[in-house]
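Chain by chain, the residues run as shown.
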Amino acid sequence: MLTKRIIPCLDIKDGRTVKGVNFVELRDAGDPVELAERYTLEGADELVFLDISATLEKRKTLIDLVKKVASAIHIPFTVGGGISSVEDVRALLSAGTDKVSINSSAVKNPGLINELAKEFGSQCIVVAIDSRNVDGVDFVHTHGGTKPTELETIAWAKEVAERGAGEILLTSMDHDGTKSGFALDLTKRVGEAVSIPVIASGGGGNEAHFADIFHNGKADAALAASIFHYKEVEIKHLKNELAKQNLPIRL
Amino acid sequence: MKVAIVKYNAGNVQSLTFALNRLGVEPILSDDPEFLQSADKVIFPGQGEASSAMKSLKEKGLDQVLKSLNQPFLGVCLGMQLMCESSEENDTECLGIIPQKVLRFDSSEVKVPHMGWNDIHQLKSPIMNGISEGDYLYFVHSYYVPVCEETVAVAEYPMAFSAALNKNNYYAIQPHPEKSAEAGMKLLDNFLKL
C-alpha cells in the first residue's frame, strides 16, 4: 500500500537553511546537507528545498548544494524557488534533484507546465500553489504569497493537473506559520478536484494536525519546516504515532 | 568491476551514479555497443516518456544491442517498462525482452502518478537478498507491468502489479533503488554481486 509521506522543507538562502518567522525575520537554522542527512536518518520520506536567494550568482551556489545533497542522501528531494525555464530545470535535474517545484512562473506562463512535463515527464514537475482566502473565496497568490491573482485555487489546481503537473504542493497562506493545523477543507477540495497527489503545507504544529490532514484532508503528503528544524515535532515519533492511528506509514 | 550505465535521452543518472559510488563502484555512462557488451554489469535507467526513449535507443542502434546481452542487466523504472513487449504510453513498441504489456493506471480509480513509498512482497530473486517482505521502496510511475511469470516482487496500488522482474540475466525494478534509502542500496549491492 502507498504510504502517506512526511516532508520536511528547508528554506535555503545563500547555501544555508533559514526559516522566516512571519516571512520577515530570517533565522539561521543550519547546514542544509547536515539537516538533510539528519532528516533522512529520522525517517523523512522526502525533502523539499526552497531557494530564496535572488541573484543569478547565488543560484550557482544552489546547484553546488543540490550536488552535495544528492551525494549525501538516498531519498527523493524537490527543489523550488525562482525556476522559470527548461534550462533551469535541466540544470537542477542533472545536478541530482528528483523533482522541481514551480510557482509564480507557472502562473505567469502556464504553458511552462506543459513544456516541462513534455521535456522531463510529469513525475518531476511539482506545481506549488499558495492560496489565501479572500472574502470566502480561495485565490492563488504569488511571490511568496504577497501578490494576489484572479485565479481561483480549485480551478487553477485542475488546470495545472491538466497541463501535466505530477503533483501539487498546496500551501494555505491563512494557516502558514500559525501552527494551528493544516487547511483541511481546502486540501480536501483540491484533492477531490484532481487525480494527482497533493502535498498539504502550512499550519502543521503538532502530531494531531498531521493525523487530521491525512484522515480528514485526504492529503497524500504533509510538509512542514520549523517544527522539524527546532525539534518541536520529532519525525520518528510523529510517524510512529500516525501508524498507531491506522495510517499507512513507512516506519 | 566494469559497470556501464546505458546513455540515451531518458536517463537522469546523477543520483544513480552517487548511489553506486557509495557502493564503491565508478559507473561509466556509455552508448557504445562494444563497451556495453564488454561491461560486467549493465544498468538501464529511465525516466520520461516511452516513445521518445525508444526512438532515442533505435537511433543509436541500442535496441538490438540491449536485447542480446549476456551479463547481468538491470532496468530501472522506465528502463523496466522499455524491456517489455509494448507500452500503452503512446502505443510504443518496446524491446521485447520480457513478453509483457505495460498498462496505464486508471486515474478514475487511483491517483496517477503512483508516487511515494510502497511496500513490496513475494520477493523471490537474489537481487532481493536481505530485503524483507513489507519493506518500502520509492515509486514514481504512471504505467505498470501486471503480475506475470517473470514477477519477482509484487506491490499493490491497490491491485497487485510487478515491482520487479527477472528473466535469465535480465533484471528489472519499477521503484528507484537509488532513492529508496537502505533497502534500495541493498538491492543495488545485490545486483553488483550477481
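Attention here is on the structure that accompanies the text.

Definitions and limits used
- Per chain, the residues get numbers from 1 upward, laid out in the order the sequence is written.
- As a convention, the first chain written is A and the first ligand written is 1, with the rest following in written order.
- The predicted origin of the model limits local features to residues at a pLDDT of at least 70 and limits the giving and counting of side-chain atom pairs to 80 or more, whereas totals for whole chains, interfaces and linings rest on all residues.
- To obtain the side-chain values, all non-hydrogen atoms of the structure were used and water was disregarded.
- Strands were regarded as paired on the criterion that DSSP finds at least two bridges between them.
- Where helices and strands are cited, they refer to DSSP runs of H or I of at least four residues and of E of at least two residues respectively, numbered from the N terminus.
- Geometry of aromatic contacts follows a simple scheme: Phe, Tyr and Trp rings, the Trp one being its six-membered ring, pair when their centres are within 6.5 Å, and the pair is stacked under 30 degrees between planes, edge-to-face over 60, tilted otherwise.
- Within this scheme, the nonpolar core is defined by two criteria: the residues are buried Ala, Val, Leu, Ile, Met, Phe, Trp, Tyr or Cys, and they are joined through side-chain atoms within 4.5 Å.
- Burial status follows relative accessibility: with a 1.4 Å probe on protein chains alone, a residue under 20% of its type maximum counts as buried, one over 50% as exposed, and anything between as partly exposed.
- Here, two residues are considered to be in contact whenever any of their heavy atoms come within 4.5 Å of each other.
- By convention, the term buried area covers the 1.4 Å-probe accessible surface removed from two parts as they join, with the contributions of both added.
- Take a side-chain nitrogen of Lys or Arg and a carboxyl oxygen of Asp or Glu: if they are within 4 Å of each other, that pair is a salt bridge.
- What qualifies as a polar contact is a pair of N or O atoms within 3.5 Å, subject to a donor-acceptor requirement within protein and to the restriction that residues adjacent in sequence count only when both atoms come from side chains.
- Three classes are used, and their members are as follows: Ala, Val, Leu, Ile, Met, Phe, Trp, Tyr, Cys and Pro are nonpolar, Asp, Glu, Lys and Arg are charged, and the others, Gly among them, are polar.

### Focus on the pairing of strand 7 (residues 98–104) of chain B
All names here are of chain B. Bridging between strand 5 (residues 84–87) and strand 7 involves three bridges; their strand directions are parallel. Its bridge partner being in strand 7, Cys 84 is matched across the sheet by Ile 98. Both strand 7 and strand 10 (residues 143–144) contribute to a ladder of two bridges, which runs antiparallel. From the neighbouring strand, Arg 104 faces strand 10, where its bridge partner is Tyr 143.

### Thoughts on the packing of aromatic side chains
Pairs of aromatic rings are described using the distance from one ring centre to the other and the angle between the two planes. Residues and elements named next belong to chain B. Taken as a whole and judged by the stated rule, the model has 13 aromatic pairs over all chains. Taking 4.7 Å as the distance between ring centres and 25 degrees as the angle between the ring planes, the aromatic pair formed by Phe 105 and Tyr 144 counts as stacked. Of this pair, Phe 105 sits in the loop between strand 7 and strand 8 (114–119) while Tyr 144 sits in strand 10, placing them 39 residues apart in sequence. Measuring from ring centre to ring centre gives 5.7 Å for Trp 117 and Tyr 138, while their planes differ by 70 degrees; the resulting arrangement is edge-to-face.

### Things to note about the nonpolar core
Most often, soluble globular proteins have nonpolar side chains that are buried together. A:Leu47, A:Phe210 and A:Phe228 are the most contacted members of the largest nonpolar core, which has 74 residues in total. For this core, the element with the most residues is helix 2 (residues 56–72) of chain A, which contributes six residues. Here A:Phe210 is in contact with A:Ile6, A:Phe182, A:Ala222, A:Ala224, A:Ile227, A:Phe228, A:Leu238 and A:Leu242, once residues within four sequence places are set aside. Counting residues in each nonpolar core, the second largest holds 38 residues, with A:Leu2, B:Phe105, B:Tyr157 and B:Tyr171 among its members.

### A short note on the interface of chain B and chain A
Chain B puts 29 residues into the contact, and the matching count from chain A is 37 residues. Overall, the association of chain B and chain A removes approximately 2600 Å² of surface from exposure, summing both partners, and the carbon and sulfur fraction of that is 54%. The largest share of the area that chain B buries against chain A comes from B:Lys111, B:Met115 and B:Trp117, three residues that together contribute 28% of it. In this structure, A:Asp98 engages B:Lys179 in a salt bridge whose closest nitrogen and oxygen atoms are separated by 2.9 Å. Our enumeration of links across chain B and chain A arrives at 17 residue pairs in polar contact (both at pLDDT 80 or more). Among the elements of the structure, helix 1 (14–22), strand 8, strand 9 (136–141) and helix 6 (181–192) of chain B are those that each provide at least two residues to the side of chain B that touches chain A. Ranked by residue count, the leading element in the side of chain B that touches chain A is strand 8 of chain B, at six residues. Tallied by class, the residues present in the side of chain B that touches chain A amount to 13 nonpolar, 10 polar and six charged.

### Details of the side chain of A:Thr171
Within the secondary structure, A:Thr171 is located in strand 10 (residues 167–172). Given a relative accessible area of 10%, A:Thr171 falls into the buried group.

### Focus: unusual backbone geometry
Note the cis peptide between B:Val112 and B:Pro113, where omega equals 5 degrees. Residue position: B:Pro113 is located in the loop between strand 7 and strand 8. B:Tyr157 connects to B:Pro158 through a cis peptide bond whose omega is -25 degrees. Mapped onto the elements, B:Pro158 comes out in the loop between strand 11 (151–156) and strand 12 (160–167). Phi is positive for A:Asn246, close to 65 degrees, though the residue is something other than glycine. For A:Asn246, the location among the structural elements is in the segment after helix 10 (235–244). Taking the relative accessible area as the measure of exposure, A:Asn246 reaches 71% and is therefore exposed.

### Description of the pattern of salt bridges
Where side chains of opposite charge bring their charged atoms close, a pairing between them can arise. In this structure the tally under the stated criterion is 20 salt bridges over all chains. Linking B:Lys111 and A:Asp220 is a salt bridge whose minimum nitrogen-to-oxygen distance equals 3.0 Å. Linking B:Lys111 in the loop between strand 7 and strand 8 with A:Asp220 in the loop between helix 8 (207–215) and strand 12 (221–224), this pair reaches from one chain into another. Just as B:Lys111 is buried, A:Asp220 falls in that class too. A salt bridge links A:Glu241 to A:Lys244, with the shortest nitrogen-to-oxygen separation between them at 3.0 Å. Of this pair, A:Glu241 and A:Lys244 are both found in helix 10, three residues apart, which corresponds to roughly one turn of the helix. Taken together, the shared-partner salt bridges connect A:Arg5, A:Glu46, A:Lys99 and A:Glu167 into one network.

Shape descriptors only; they carry no functional weight alone.
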